[in-house]
Amino acid sequence: MNAFPIKRIIADRGIASYGLGRRMLAHFPGASVSPADSNKHAVDPQNGKKILYLQKYKGDFLKPCPGTREYICCGYQILNVAANCPLDCTYCILQAYFLNQPCLRVFANLEERLPEVMHVIDSQPDRIFRVGTGEFTDSLALDPLTRWSDMLLPEFSRRENTILELKTKTTRIERVLALECRDRIILSWSLNGPWISVREEKGAASIEKRIEAAKRCQAAGFVLGFHFDPLIPYPGWKEDYGRTIELLAREIDPQRIIWISMGSFRFMPDLKPIIRRRHPGSSVLNGEFILGLDRKMRYFKPIRVELYRYIRGLLEAWHPDLGLYLCMESDDVWEASMGWSPKTSSGLREFLDQRVIKFFLSRGRAPQVLRSPVRS
Ligand code: SF4
């Protein structure tokens with residue numbers, strides 16, 4: 001599989017002593033390889049995705065999602081397996097986050113550092129850790145090469161106070177399907193209207209293919225999640241999102257969906273010139289935006305409410321208990337669009353923790369602090 005046009009590899013010293021490092025080096029025999037020390041500042045942002053940096057990561061592998069204090073956040077934990085993404089969505093916030101390090105960084109020492117991560121989780125048995133690898137990269141795009149799932153699924157699926165969510169826009173499910181781990185593993189797909197997916201999600205699988213892959217994983221015993229994020233209004237958006245939800249309803253068993261999130265397009269102002277430069281044909285900047293409390297641009301409130309309310313209506317007509325939640329929204333937007341609100345970030349954390357208990361833990365085995373009634 002050589003779907004990624006890697007032309008050059010930058011490697012930290014000793015990277016070949018890691019299995020992941022050796023595999024990646026062997027996979028791109030035509031790429032030039034040079035030591036990191038000599039190249040740190042030599043990456044042109046236009047060509048970032050053609051350069052792979054095999055890094056011995058020194059920071060914390062497990063970190064709370066940056067979220068935002070001004071809006072209601074879900075208390076997710078990010079497992080840092082890589083930074084940047086081989087896909088190239090026009091709206092991707094990582095283009096601004098990693099402006100100064102635009103290459104695809106893969107942390108080759110993950111396996112060596114994983115015991116530290118599991119120690120953090122094991123040392124807090126009364127807390128549920130909702131962990132995902134899909135915030136700073138796509139969770140499965142590189143899996144056939146990195147074999148992240150082989151390293152992570154056995155560790156996470158045998159622990160009772162954590163779930164691992166692998167979020168993707170691809171169909172690279174071969175390795176997860178080959179493993180026997182199903183407990184506390186969630187496979188999630190980011191979805192959008194087909195029009196957005198074709199125009200703005202370069203390198204991603206089509207919506208049909210994503211749902212087909214999700215169906216195969218569900219049939220193989222995995223619990224699924226879906227994320228409608230970023231929702232983007234455009235002429236015909238209602239019909240278009242309706243098509244995606246119709247397809248979901250035709251192919252997927254709603255009773256084995258742990259949650260579906262919705263979030264509308266939001267971005268740091270710095271992203272705007274980057275999108276204009278890197279994706280001149282994109283229409284994601286066409287809407288009416290305001291500067292939010294968290295200094296990110298987002299759609300005017302009535303637009304956000306209309307988006308959420310409409311999508312929620314379609315989803316709830318399909319099934320009333322899908323664990324719907326909003327990503328980074330305010331209490332009043334929750335009330336206006338969802339008909340209820342968790343009020344605070346800890347309220348949303350509890351709602352999602354209860355979904356974990358419902359799907360993965362018998363009530364007697366749930367961590368003590370979480371044995372309260374499930375809202376559905
Ligand atoms: S899949 Fe996610 S991380 Fe990758 S380019 Fe698209 S938005 Fe960015």
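In short, a report on the structure. (Residues numbered from 1 in each chain as written. Predicted model: local features only at pLDDT ≥ 70, side-chain atom pairs only at ≥ 80, totals over all residues. Heavy atoms only, no water.)

**Observations regarding the pairing of strand E9 (residues 129–132)**
The line we're drawing: The cut-offs for exposure are 20% and 50% of the maximum accessible area for each residue type, with area from a 1.4 Å probe on protein chains only; residues under the lower value are buried, those over the upper are exposed, and the others partly exposed. Starting at the N terminus, helices and strands are each numbered in turn, a helix being any DSSP run of H or I of at least four residues and a strand any DSSP run of E of at least two. Following DSSP output, two strands are said to pair if at least two bridges run between them.
Going residue by residue along E9, you find Phe 129 and Val 131 tucked away on one face and Arg 130 and Gly 132 tucked away on the opposite face as well. Of the strand pairs in this sheet, E9 and strand E10 (residues 162–168) are connected by four bridges, and their pairing is parallel. By the bridge assignment for E10, Arg 130 is matched with Ile 163.

**Quick notes on helix H1 (residues 19–27)**
Short version of the rule: Think of the arc as the fan of directions from the helix axis to the C-beta atoms.
Among all positions in H1, only Leu 20, Gly 21, Met 24 and His 27 are buried. One face of H1 carries all of its buried residues, which in axial projection span an arc of 135°.

**Section: the pairing of strand E13 (residues 223–231)**
Condition: Place the viewer so that the strands point away; then a crossover is right-handed whenever the path from the first strand over the helix to the second strand goes clockwise.
Burial analysis of E13 places nine of its nine residues in the buried class, which makes it a mostly covered element. Sheet analysis places strand E11 (residues 185–191) next to E13, joined by six bridges and oriented parallel. When the bridges of E13 are listed, Leu 191 appears paired with Phe 228. With six bridges connecting them, E13 and strand E14 (residues 257–264) associate as parallel partners. Counterpart to Phe 226 in the pairing with E14 is Ile 260. Each parallel crossover has a hand, and for E13 linked through helix H9 (residues 237–251) to E14 it is right-handed.

**Some words on the sheet that holds E13**
Stated formally: Axis definition: a line fit to C-alpha positions, over the contact stretch in the case of helices; interaxial angles, taken between N-to-C directions, run 0 to 180 degrees. Contact definition: two residues touch when any of their heavy atoms are within 4.5 Å.
Read from one edge to the other, the open sheet built from eight strands follows the order E4-E5-E9-E10-E11-E13-E14-E18, with strand pairing classed as mixed. The sheet is open, and its two edges are formed by strand E4 (62–64) and strand E18 (324–326), each paired on a single side. Going across the sheet, the axis of each strand differs from the next one's by a mean of 25°, ignoring polarity. Sheet strands in contact with helix H13 (residues 345–360) are E9, E10, E11, E13, E14 and E18, and its direction is about 150° off that of E14.

**Some words on the packing of helix H8 (residues 207–219) against H9**
Rule in force here: Should an angle lie under 35 degrees it is considered roughly parallel, over 145 roughly antiparallel, and from 65 to 115 roughly perpendicular; all remaining angles are considered oblique. Here a crossing is called left-handed whenever its near helix is offset anticlockwise from the far helix by less than a right angle, and right-handed whenever the offset is clockwise. In this classification, Asp, Glu, Lys and Arg are treated as charged, Ala, Val, Leu, Ile, Met, Phe, Trp, Tyr, Cys and Pro as nonpolar, and every other residue, Gly included, as polar.
Packing of H8 against H9 brings their axes to within 10 Å, and their N-to-C directions diverge by 25°. By the criterion of interaxial angle, the relationship of H8 to H9 is roughly parallel. In terms of crossing hand, the pair formed by H8 and H9 is right-handed. For the pair H8 and H9, contact is made by Ile 207, Glu 208, Ile 211 and Lys 215 and by Thr 244, Leu 247, Leu 248 and Glu 251, respectively. Grouping the constituent residues of the contact of H8 with H9 by class yields four nonpolar, one polar and three charged.

**A word on the packing of H9 against helix H11 (residues 301–318)**
Following both chains from N to C, one finds H9 and H11 inclined at 30°, their axes separated by 10 Å at the closest point. Taken as axis vectors, H9 and H11 run roughly parallel relative to one another. Handedness of the crossing formed by H9 with H11: right-handed. Across the interface between the two elements, Trp 237, Lys 238, Tyr 241, Gly 242, Ile 245, Leu 248 and Ala 249 of H9 pack against Glu 306, Leu 307, Tyr 310, Ile 311, Leu 314, Leu 315 and Trp 318 of H11. Of the residues contributing to the contact of H9 with H11, the split by class is 11 nonpolar, one polar and two charged.

**Notes on the site of the ligand**
Using the following cut-off: In these notes, residues near a molecule or strand are those with any non-hydrogen atom within 4 Å of it.
The immediate surroundings of the ligand are formed by Cys 85, Leu 87, Asp 88, Cys 89, Tyr 91, Cys 92, Leu 94 and Lys 169. Of the residues in the shell around the ligand, the class split is six nonpolar, no polar and two charged.

**Re the sheet that holds strand E15 (residues 266–267)**
Strand order in the open sheet formed by three strands is E15-E17-E16, with antiparallel pairing between adjacent strands. With one partner strand each, in any of the chains shown, E15 and strand E16 (289–291) form the two edges of the open sheet. Pairing of E15 with strand E17 (residues 297–299), which is carried by two bridges, proceeds in the antiparallel orientation. Along E17, the bridge assignment pairs Phe 267 with Met 297.

**Some details on the nonpolar core**
A general tendency of soluble globular proteins is for nonpolar side chains to be buried together. Definition in use: Here, nonpolar core refers to any group of buried Ala, Val, Leu, Ile, Met, Phe, Trp, Tyr and Cys residues whose side-chain atoms link them within 4.5 Å.
Counting 122 residues, the largest nonpolar core has Val 106, Leu 152, Trp 189, Phe 226, Phe 228 and Phe 265 as its most contacted members. It is H13 that provides the largest number of residues to this core, a total of seven residues. Here Trp 189 is in contact with Thr 168, Thr 170, Ile 173, Arg 210, Ala 213, Ala 214, Cys 217, Leu 224, Gly 225, Phe 226 and His 227, once residues within four sequence places are set aside. With five residues, the next largest nonpolar core counts Ile 10, Ala 36, Ile 51 and Cys 103 among its residues.

**Digging into the packing of aromatic side chains**
To be explicit about the condition: Only centres within 6.5 Å qualify two rings of Phe, Tyr or Trp (six-membered ring in Trp) as a pair; their planes then separate them into stacked at under 30 degrees, edge-to-face at over 60, and tilted for everything else.
In total, this model carries 17 aromatic pairs according to the counting rule given. Between the aromatic rings of Phe 289 and Tyr 299, the centroid separation amounts to 4.7 Å while the plane-to-plane angle is 25°, which identifies the pairing as stacked. With a gap of 10 residues between them, Phe 289 in strand E16 and Tyr 299 in strand E17 connect regions that are remote in the sequence. Judged by relative accessible area, which is 17%, Phe 289 ranks as buried.

**Structural notes on the environment of Ile 245**
Residue position: Ile 245 is located in helix H9. A sequence separation of 58 residues divides Ile 245 from Leu 187, and the C-alpha atoms of the two residues are 18 Å apart. If near-sequence neighbours (up to four positions away) are discounted, Ile 245 is found in contact with Phe 228, Ile 311, Leu 314 and Leu 315.

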